[in-house]
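# Architecture and fold: a report
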Amino acid sequence: MRLSQAFQPTLKEVPAEAQIASHRLMLRAGLVRQSSSGIYTWLPAGLRVLRNIANIVRQEQDRIGGQEILMPTVQSAELWRRSGRYDAYGPEMLRIKDRQDREMLYGPTNEEMVTDLFGGTVKSYRELPKMLYHIQWKFRDEIRPRFGVMRGREFYMKDGYSFDLSYDDAVRSYYRIMLSYLKIFRRLGVQAVPMAADTGPIGGELSHEFLVLAPTGESEVFYDAGWDEIDWDSIGLDPQKEEDLQKLREIVKTTYSATDEKHDLSTWENVPEDRRRGGRGIEVGHIFYFGTKYTESMGVEVSGADGAPLHPHMGSYGIGVSRLVGAIIEASHDDAGIIWPEEVAPYRAALLNLRPGDALCDQLCESIYSRDPEGLLYDDRSDRAGVKFNDADLMGHPWQIIVGPRGAKAGMVELKHRATGERSELPLDEALAKLGLA
Ligand code: ATP
Ligand code: MG
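Residues numbered from 1 in each chain as written. Chains lettered and ligands numbered in written order. Predicted model: local features only at pLDDT ≥ 70, side-chain atom pairs only at ≥ 80, totals over all residues. Heavy atoms only, no water.

Looking at an unreviewed UniProt entry, the protein chain carries the name Proline--tRNA ligase, with the source organism given as Bombella intestini. You can read under Subcellular location (unreviewed entry) in the UniProt record for the protein chain the words "Cytoplasm". The record held by UniProt for the protein chain lists under Catalytic activity (unreviewed entry) the comment "tRNA(Pro) + L-proline + ATP = L-prolyl-tRNA(Pro) + AMP + diphosphate". (UniProt positions renumbered as here; feature names shortened; annotations may be inferred.)

In structure tokens form, the structure reads like this:
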């Protein structure tokens with residue numbers, strides 16, 4: 001994309017309404033604009049990030065047998081009356097009426113809808129297990145929307161649902177998802193610790209939240225230093241392997257972690273004092289096993305091996321895709337701006353032409369740009385070099401390819417690595433090879 005033509009509004013001023021770094025940077029870097037309280041428009045660069053995150057989630061869910069569907073945002077109240085949650089959900093649910101005076105709602109989550117879908121389709125134990133997921137906008141009329149997309153009213157969530165025949169199978173699905181989530185968060189460049197959590201209005205008995213540690217997080221967290229020390233690469237991270245699931249269960253059992261809601265002082269006291277870690281965290285994911293709560297209340301059963309009907313065991317699994325954009329920035333920024341992890345970045349590199357109009361610079365830039373017009377953001381504006389450097393740092397591209405008149409003459413470009421600040425002057429070929437553009 002050529003920056004001179006892009007819809008990429010950056011702000012020099014720090015927006016007054018933004019209280020935390022990620023919110024300020026998302027506005028300044030031109031990723032989102034607020035439309036009304038807790039509701040945002042995603043601008044091109046922000047949308048690229050959102051899609052990159054969603055695609056990583058998608059790949060990892062597919063890898064463990066998830067099948068993607070897309071359920072609607074608007075649901076009928078009738079569905080929620082069947083589970084008993086229509087009245088229980090409270091004022092966070094946006095309730096609407098259609099022209100026939102039928103009660104509808106904008107979905108805050110999809111347990112009812114997916115259970116109904118499953119019940120209408122799957123009839124025999126032979127068809128289980130099933131894991132369905134979708135990535136869809138949700139609406140919750142939060143009492144205090146704040147921190148930009150971190151606590152929005154409209155937000156983008158991956159919600160997945162597992163259906164198993166027995167408790168044991170369902171718990172295995174639960175830990176398979178947990179392992180898959182740990183992998184997703186690592187690919188996203190954040191450390192997220194699973195923590196025992198309350199099940200809240202979803203109900204159920206087994207639940208973990210995934211928290212990214214950040215001083216601006218809304219939850220207080222307590223955990224054993226073991227979580228910081230686990231070398232996930234060496235213990236193997238294969239959610240398909242039974243023994244890896246066992247290893248994970250063992251780690252979860254023996255390595256304390258909890259949010260304030262579930263914090264248990266007597267267990268905490270068993271953690272050696274110098275191993276106790278605390279602080280604040282941002283909830284980026286939440287998983288539940290809730291057994292037959294919805295299949296029973298909504299009358300969903302399949303025929304078992306002996307012919308007798310049984311209620312499948314369910315779990316539900318959420319990842320806050322739009323919240324993650326903010327959480328990643330909270331975990332990865334400096335005074336100059338965002339530092340995007342490679343897999344998430346809107347562009348793989350910025351290409352800075354320091355002297356547009358100079359024939360050599362223009363020619364060199366065009367030849368680089370033509371190698372990947374989709375993945376490069378070409379700063380071809382007639383602005384001063386300082387403006388270009390500042391904007392590139394602010395937007396946080398993993399790499400900057402800097403082309404100036406002196407280097408261009410010698411066929412050299414400068415490469416800057418955003419995360420380390422390292423700069424090096426290289427012959428064009430070497431620079432291209434380093435960025436996978438050769
Ligand atoms: P919270 O405790 O932060 O209100 P929750 O427990 O109500 O979240 P879940 O129902 O577990 O949320 O939703 C799954 C995920 O969706 C959360 O882990 C979070 O990442 C994301 N999420 C929930 N509410 C919001 C929101 N208002 N804005 C952005 N993301 C959200
Ligand atoms: Mg939650």
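The next subject is the overall build of the protein chain. Tallying secondary structure elements over the protein chain gives 16 helices and 23 strands in all. In terms of overall size, the protein chain behaves like a compact globule, its C-alpha atoms giving a radius of gyration of 24 Å where 438 residues would be expected to give roughly 22 Å. Reported as C-alpha extents along the three principal axes, the dimensions of the protein chain are approximately 80 × 60 × 40 Å. Within the protein chain, contacts between residues separated by at least 24 positions form 70% of all contacts whose residues are at least 6 apart in sequence. Carbon and sulfur atoms form 47% of the exposed surface of the protein chain, whose accessible area is close to 19,400 Å². Of the side chains in the protein chain, 54 bear a positive and 67 a negative charge, and the two mean positions are spaced by 4 Å. (Helix = DSSP H or I, 4+ residues; strand = E, 2+ residues; numbered from the N terminus. Rg over C-alpha atoms; globule rule 2.2 N^0.38 Å. Contact = heavy atoms within 4.5 Å. Areas by Shrake-Rupley, 256 points an atom, 1.4 Å probe, with all protein chains shown as cover. Lys, Arg positive; Asp, Glu negative; His and termini not counted. Charge placed at Lys NZ, Arg CZ, Asp CG, Glu CD.)

Quick look at the site of ligand 1 now. By nearness alone, 14 residues border ligand 1, and Glu142, Arg151, Gly152, Glu283 and Arg323 come closest of all. Note that an oxygen atom of ligand 1 is positioned 3.0 Å from one of the side-chain N or O atoms of Arg140. At 3.4 Å, a backbone N or O of Gly285 approaches an oxygen atom of ligand 1. Relative to its unbound accessible area of 580 Å², ligand 1 is 84% covered by the protein chains. Broken down by secondary-structure element, the contributors of at least two residues to the shell around ligand 1 are β8 (154–164) and β13 (276–291). Residues that form the shell around ligand 1 fall into these classes: 5 nonpolar, 4 polar and 5 charged. (Near = heavy atom within 4 Å. Polar contact = N/O pair within 3.5 Å; in protein donor to acceptor, adjacent residues only side chain to side chain. Nonpolar A, V, L, I, M, F, W, Y, C, P; charged D, E, K, R; others polar.)

On to the sheet that holds strand β4 (residues 74–76). A sheet is described by the order of its strands in space; here 3 strands give the open sequence β4-β6-β5, paired in antiparallel fashion. On the outer flanks of this sheet lie β4 and β5 (94–97), each paired with one strand and no other. Strand-to-strand twist of the sheet, defined as the mean angle between neighbouring strand axes without regard to direction, takes the value 40 degrees. One ladder, built from 3 bridges, connects β4 with strand β6 (residues 103–106); its direction is antiparallel. What sits directly across from Val74, in β6, is Tyr106. (Pairing = 2+ DSSP bridges. Axes fitted to C-alpha atoms, helices over the stretch in contact; angles between N-to-C directions.)

Okay, unusual backbone geometry next. Where the residue is not glycine, phi is negative for most of them; where a peptide bond is considered, it is trans in most cases. With an omega of 0 degrees, the peptide bond running from Leu128 to Pro129 counts as cis. Of note, Asp101 is a non-glycine position whose phi angle comes to about 70 degrees, a positive value. Along the chain, Asp101 turns up in the loop between β5 and β6. A positive phi angle is found at Phe147, which is not glycine, with a value near 60 degrees. Looking at the element boundaries, Phe147 is found in the loop between β7 (130–139) and β8.

Our focus in this paragraph is the packing of helix α2 (residues 44–63) against helix α6 (residues 167–187). In contact at an axis separation of 10 Å, α2 and α6 are set at 150 degrees when each is read in the N-to-C sense. Accordingly, the angle class assigned to the pair α2 and α6 is roughly antiparallel. Where α2 crosses over α6, the two elements pack in a sense that is right-handed. Contacts from Ile56, Val57, Gln59, Glu60, Gln61 and Arg63 of α2 reach α6 at Ile177, Ser180, Tyr181, Lys183, Ile184 and Arg187. Residues of the contact of α2 with α6, tallied by class, amount to 5 nonpolar, 3 polar and 4 charged. (Parallel < 35°, antiparallel > 145°, perpendicular 65-115°, else oblique. Left-handed = near helix turned anticlockwise from the far one by under 90°.)

Looking now at the domain arrangement of the protein chain. When the domains of the protein chain are assigned, the result is domain 1 (21–337) and domain 2 (347–434). Each of domain 1 and domain 2 was reduced to a C-alpha centroid, and the two centroids are 39 Å apart. Each partner contributes to the interface: domain 1 provides 7 residues, whereas domain 2 provides 6 residues. For the pair domain 1 and domain 2, the two sides together bury roughly 650 Å², of which 51% comes from carbon and sulfur. (Domains from an automatic or database assignment. Buried area = accessible area lost by both parts, 1.4 Å probe.)

With that out of the way, let us pick up the coordination of the magnesium ion (ligand 2). Geometry reference: four tetrahedral donors at a metal, ideal angle 109.5 degrees. Six octahedral donors, ideal angles 90 or 180 degrees. Surrounding the magnesium ion (ligand 2) are the protein donor atoms Glu283 (OE) and His286 (ND1), at 2.1 to 2.3 Å. Overall, Glu283 belongs to the partly exposed group, its relative accessible area being 25%. (Donors = N, O, S within 2.8 Å, 3.2 Å for Na, K, Ca; no water. Buried < 20%, exposed > 50% of the residue type's maximum accessible area, 1.4 Å probe, protein only.)

Within the largest apolar cluster, 75 residues are counted, with the highest numbers of intra-cluster contacts made by Ile53, Phe185, Leu188 and Trp340. In terms of residue count, the dominant contributor to this core is α6 (11 residues). For this core, the two domains that each supply at least three residues are domain 1 (21–337) and domain 2 (347–434). In this structure, Trp340 is in contact with Leu31, Val49, Val325, Ile328, Ile329, Ala345, Pro346, Met395, Gly396, His397 and Pro398, ignoring residues within four places of it in sequence. (Core = buried A, V, L, I, M, F, W, Y, C linked by side-chain atoms within 4.5 Å.)

Evaluation of the coordinates by the stated rule reveals 31 salt bridges. With a closest N to O distance of 2.7 Å, Glu60 and Arg187 form a salt bridge. Of this pair, Glu60 sits in helix α2 while Arg187 sits in helix α6, placing them 127 residues apart in sequence. Among the salt bridges present, the one from Asp334 reaches Arg418, with a minimum N-O distance of 2.8 Å. A residue pair is termed long-range when its members are at least 10 positions apart, and Asp334 in strand β17 (residues 333–334) and Arg418 in the loop between β22 (412–417) and β23 (423–427) qualify at 84 residues. (Salt bridge = Lys/Arg side-chain N within 4 Å of Asp/Glu carboxyl O.)

Below, the discussion takes up the pairing of β8. Burial analysis of β8 places 10 of its 11 residues in the buried class, which makes it a mostly covered element. Note: β7 against β8, 10 bridges, orientation antiparallel. For Leu132, the partnering residue across the bridge sits in β8 and is Tyr161. Bridge count between β8 and strand β16 (residues 313–320): 8 bridges; the pairing is antiparallel. Bridge pairing links Phe163 to Met314 in β16.

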